[in-house]
Amino acid sequence: MDVETFEAERSRLFGIAYRMLGSAADAEDIVQDAWIRCRAVDTADIERPPAYLTTITTRLAIDRLRSAQSRRETYVGPWLPEPIVTADDPADMAALGDSVTFGFLSVLDRLSPVDRAVFLLREVFDMPYPEVAAVVDRSETACRQIASRARSRVRAERPSVSIDADRRSELLGAFLGAVASGDIDQLEQLLTDDIVLVSDGGPNARAARRPVVTPPRVARLMSNLYRRAGASVDLELIEANGQPALYVSAGNEPVLLLTIDPDSTGERVQRVWVVVSPEKLAGVAERLGERR
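It should be emphasised that the depicted structure is a prediction, and the values quoted were computed from it without experimental measurement. (Residues numbered from 1 in each chain as written. Predicted model: local features only at pLDDT ≥ 70, side-chain atom pairs only at ≥ 80, totals over all residues. Heavy atoms only, no water.)

On to the overall build of the chain, then. The number of helices and strands found in the chain is 11 helices and six strands. Against the compact-globule benchmark of 19 Å for 292 residues, the chain has a radius of gyration of 20 Å, which places it among compact chains. Expressed as lengths along the three principal axes of its C-alpha atoms, the size of the chain is roughly 65 × 40 × 40 Å. For the chain, with 292 residues in total, the buried portion stands at 49%. Sequence separation of at least 24 residues holds for 66% of the intrachain contacts in the chain that already meet a minimum separation of 6. Taken as a whole, the chain presents about 14000 Å² of accessible surface, with 48% of it coming from carbon and sulfur. Across the chain, the 36 positively charged side chains and the 45 negatively charged ones have centroids separated by 7 Å. (Helix = DSSP H or I, 4+ residues; strand = E, 2+ residues; numbered from the N terminus. Rg over C-alpha atoms; globule rule 2.2 N^0.38 Å. Buried < 20%, exposed > 50% of the residue type's maximum accessible area, 1.4 Å probe, protein only. Contact = heavy atoms within 4.5 Å. Areas by Shrake-Rupley, 256 points an atom, 1.4 Å probe, with all protein chains shown as cover. Lys, Arg positive; Asp, Glu negative; His and termini not counted. Charge placed at Lys NZ, Arg CZ, Asp CG, Glu CD.)

Here you go:
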């Protein structure tokens, strides 16, 4: 397979692998492995190179995910996806919007590897069922059943919320302003009754080991985080995983990335996602460093 054919598909292949694995680093590895496997194949022998590349990439991702799931059993605290900066290249990841958000990827993480692949290929990448069946080596009937089951689960755990980007940014700004003000009552008013804050520090950073619930607890935690950070940190509003996000750094070192999910009205915060893991923030730090 020639380089031009592969490069034309690289962005889409990365999108599949990232959504499967929730890790930009692993997704890059998968795409590179796919290229190594495909470069010795004559394109003339492949009827549809994009479909061939999709099959190789998806199967590699399924194998990697099965290995990752065994490691997740001993992961310290909640697991969140590795954040990616999306505003720089809307044709790459952000074009598919909600399918790269923390909330969506967290729901996908609870699906089995094959179920996740079927759901993504069908519902996100709009592949016909016969092609999906060929990729995952299942019957078309089985894939329809898998997709239906996964779709129902995703909808139940992740109801569709249509809030435009400007309103999301306004709500994030109001939330951060309330945190900075130290006014706990004001902050609580911005939180839904079923608010959940999930933080991922991995094995090397301090974070809540369980999701934090109820407005008073979330408000106190955010206020404490802000006070501990002090004036020595740099704050930057960016777009990560298709959503407005706050990136906090100290010098050249990442501290955390925070993003929120609004409720159905767009007036209050229903979920707070905080990534503290230095390993997961390394890619964001590198990408932002390249922009400066």
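Under the defined criterion, the tally for this structure stands at 15 salt bridges. Here Asp26 and Arg64 are joined by a salt bridge, their closest N and O atoms 3.3 Å apart. With Asp26 in helix H2 (residues 24-38) and Arg64 in helix H3 (residues 49-72), this pair connects stretches of sequence that are 38 residues apart. (Salt bridge = Lys/Arg side-chain N within 4 Å of Asp/Glu carboxyl O.)

Glancing now at the nonpolar core. Of all hydrophobic cores here, the largest spans 48 residues; its most connected members are Met20, Phe104, Leu108, Val118 and Val136. Secondary structure elements with two or more residues in this core: helix H1 (3-21), H2, H3, helix H4 (102-108), helix H5 (113-124), helix H6 (129-136) and helix H7 (140-157). Filtering out sequence-adjacent residues up to four positions away, Leu108 remains in contact with Arg19, Arg116, Phe119, Leu120 and Val154. If you look at the next biggest cluster of nonpolar residues, it comprises 27 residues, including Leu176, Leu197, Leu246 and Val269. (Core = buried A, V, L, I, M, F, W, Y, C linked by side-chain atoms within 4.5 Å.)

Let's shift gears to H6. The α-helix advances 3.6 residues per turn, and as a result positions three or four apart in sequence lie on the same side. Those residues of H6 not exposed but buried are Tyr129, Val132, Ala133, Val135 and Val136. In an axial view of H6, the angular spread of the buried residues amounts to 160°, which keeps them on one side of the axis. A positive backbone phi angle near 60° is found at Asp137, which sits one or two residues after H6. (Arc of directions from axis to C-beta.)

Taken by themselves, the reported measurements are silent on function.
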